[in-house]
Amino acid sequence: MSIKSGALDIAAVYELSQSEEAISKMRVAEMLESITGVGKIRALAIMERLNISPTRRIKGLGSHQLKNLLSEFSASAVRSKRGKLIVLSGPGGVGKSTVAAQLRATGDYWVSISATTRVPRINEVNGKDYFFIDDVEFEKRISASHFLEWAQFAGAKYGTPREGVERALLEGHNVLLEIEIEGAKQVKSHMPEAVLVFLSPPSWEDLVSRLEGRGTDTPERRTERLALAQQELAAAPSFDLVIVNTSVKEVVDQLVSLVSA
Ligand code: 5GP
């Protein structure tokens, strides 16, 4: 494992340690040593100062210990300007995740990874596409105010971990949340500075053919998603900006210019 950007990656590894057996067993010392520029000695010194036992496992970090650790590694990276928060929403199947993946690759955005109770699809990786957790764990995290927003969608729960988003903004990164409409509205009510972008299909027929061509959903699930998509399209006027997804490249360019303006 290699950790390059400090606090943001620590937050992600901690998140992963709650559900991934292999990572839950990893020690804090090992994680710190893998951060660029931190050797064995500095890792131990930091842990001693923050009152973290040398044998502590990542999963067992207390909330204070985690907070202190994140501050330690973000302090040096703090930039003077807070990043911008862009929320990309729109009907399921419109192509939000393709846009989000390409935006992540541009380096202009830090893209949040959500937690979900949905079963992983083939090719989806825990900690990369989503943090896949069960319902009990999701409820626990709701009670602990772990989510910036959360919503139910097509029978599963989805939520944005708050900590990573706040930290990324503080460090000057532009943040992208790729979420459904109810969640987008919640974000706007907590953080009015967020820019809500609605990604719209070129036509209804286009959206139907995208959903039917997906092949990862059962027919029942697809029918459900189409009905939902119809409701979702009606929400476009309440967004700050509507972008029609005629070409992924154009959408990506528009979203990049939105934060570089
Ligand atoms: P899928 O199951 O196809 O990956 O996602 C279903 C829907 O959930 C999509 O519209 C996606 O944007 C949305 N979604 C993904 N993560 C989150 C999240 O953290 N919060 C909310 N509210 N919606 C999310």
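In what follows, the structure referred to is the one given above.
Read on for a plain summary of the structure.

So, how was this worked out
Residues numbered from 1 in each chain as written. Predicted model: local features only at pLDDT ≥ 70, side-chain atom pairs only at ≥ 80, totals over all residues. Heavy atoms only, no water. Pairing = 2+ DSSP bridges. Helix = DSSP H or I, 4+ residues; strand = E, 2+ residues; numbered from the N terminus. Contact = heavy atoms within 4.5 Å. Axes fitted to C-alpha atoms, helices over the stretch in contact; angles between N-to-C directions. Near = heavy atom within 4 Å. Polar contact = N/O pair within 3.5 Å; in protein donor to acceptor, adjacent residues only side chain to side chain. Areas by Shrake-Rupley, 256 points an atom, 1.4 Å probe, with all protein chains shown as cover. Nonpolar A, V, L, I, M, F, W, Y, C, P; charged D, E, K, R; others polar. Buried < 20%, exposed > 50% of the residue type's maximum accessible area, 1.4 Å probe, protein only. Core = buried A, V, L, I, M, F, W, Y, C linked by side-chain atoms within 4.5 Å. Domains from an automatic or database assignment. Salt bridge = Lys/Arg side-chain N within 4 Å of Asp/Glu carboxyl O.

### Here we look at the sheet that holds strand β9 (residues 241-244)
Reasoning step 1: One open sheet holds the 5 strands; their spatial order is β2-β7-β1-β8-β9, and the pairing between them is parallel. Since the sheet does not close on itself, it has two edges, and those belong to β2 (110-111) and β9, each with one partner.
Reasoning step 2: Across 4 bridges, the pairing between strand β1 (residues 85-89) and strand β8 (residues 195-200) is parallel. Paired with L88 across the strands is V197, a residue of β8.
Reasoning step 3: Of the strands in this sheet, β1, β8 and β9 touch helix α12 (residues 248-260), which is tilted by about 150 degrees from β9.

### Quick look at the sheet that holds strand β3 (residues 115-116)
Note on sheets: strands pair through backbone hydrogen bonds, and any given pair is parallel or antiparallel.
Reasoning step 1: Here 4 strands make up an open sheet; going across it, the order is β4-β3-β6-β5 and the pairing mixed. On the outer flanks of this sheet lie β4 (131-132) and β5 (147-153), each paired with one strand and no other.
Reasoning step 2: Taken strand by strand, helix α8 (residues 162-170) contacts β5 and β6 (156-161), and its axis lies near 30 degrees from that of β6.

### Observations regarding the site of the ligand
Reasoning step 1: Around the ligand, 16 residues are found, and the nearest of them are K96, R118, Y130, Y158 and E178.
Reasoning step 2: A distance of 3.2 Å separates an oxygen atom of the ligand from a polar atom in the backbone of G159.
Reasoning step 3: In isolation the ligand exposes 510 Å². Once the protein is present, 95% of that is buried.
Reasoning step 4: The set of elements that each furnish at least two residues to the shell around the ligand consists of β5 and β6.
Reasoning step 5: When its residues are assigned to classes, the shell around the ligand shows 5 nonpolar, 4 polar and 7 charged.

### Notes on the environment of G127
Reasoning step 1: Along the chain, the position of G127 falls in the loop between β3 and β4.
Reasoning step 2: The spacing of G127 and L16 is 111 residues in sequence and 5.9 Å in space, taken between C-alpha atoms.
Reasoning step 3: Filtering out sequence-adjacent residues up to four positions away, G127 remains in contact with L16 and I113.

### Examining the pairing of β1
Reasoning step 1: Taking burial as the measure, the 5 residues of β1 include 5 buried ones, the bulk of the element.
Reasoning step 2: Alternating positions in β1 separate into two faces, L85, V87 and S89 on one and I86 and L88 on the other, with burial throughout.
Reasoning step 3: By the bridge criterion, 4 bridges tie β1 to strand β7 (residues 175-178) in an arrangement that is parallel. For I86, the partnering residue across the bridge sits in β7 and is L176.

### Notes on the side chain of S89
Reasoning step 1: Its place among the elements puts S89 in strand β1.
Reasoning step 2: The exposure class of S89 is buried, given its relative accessible area of 0%.
Reasoning step 3: A distance of 2.7 Å separates a polar atom in the side chain of S89 from the backbone oxygen of I179.
Reasoning step 4: A polar side-chain atom of S89 sits 3.3 Å from the main-chain amide nitrogen of I181.

### Description of the nonpolar core
Reasoning step 1: Judged by nonpolar contacts, the single largest core of 30 residues is most densely connected at I10, V28, M31, L32, L69 and F73.
Reasoning step 2: Counting residues per element, the ones that place at least two in this core are α1 (7-17), α3 (28-33), α4 (40-49) and α5 (63-75).
Reasoning step 3: The dominant element in this core, judged by the number of residues it contributes, is α1, at 5 residues.
Reasoning step 4: Composition of this core by domain shows at least three residues from each of domain 1 (10-74) and domain 2 (85-260).
Reasoning step 5: Formed by 22 residues, the second largest nonpolar core is a distinct cluster that contains I86, V99, V251 and L255.

### A closer look at unusual backbone geometry
Reasoning step 1: In this structure, N51 is a non-glycine residue whose phi angle is positive, near 60 degrees.
Reasoning step 2: Inspection of the secondary structure assignment puts N51 in the loop between α4 and α5.
Reasoning step 3: With phi around 45 degrees, A154 is a residue other than glycine that occupies positive phi space.
Reasoning step 4: Along the chain, the position of A154 falls in the loop between β5 and β6.

### Concerning the pattern of salt bridges
Reasoning step 1: Under the criterion given, the structure shown has 17 salt bridges.
Reasoning step 2: Between K157 and D135 there is a salt bridge whose closest N-O contact spans 3.1 Å. Of this pair, K157 sits in strand β6 while D135 sits in helix α7 (residues 135-143), and the two are 22 residues apart along the sequence.
Reasoning step 3: What makes K157 buried here is its relative accessible area of 9%.
Reasoning step 4: By relative accessible area, which is 39% here, D135 ends up partly exposed.

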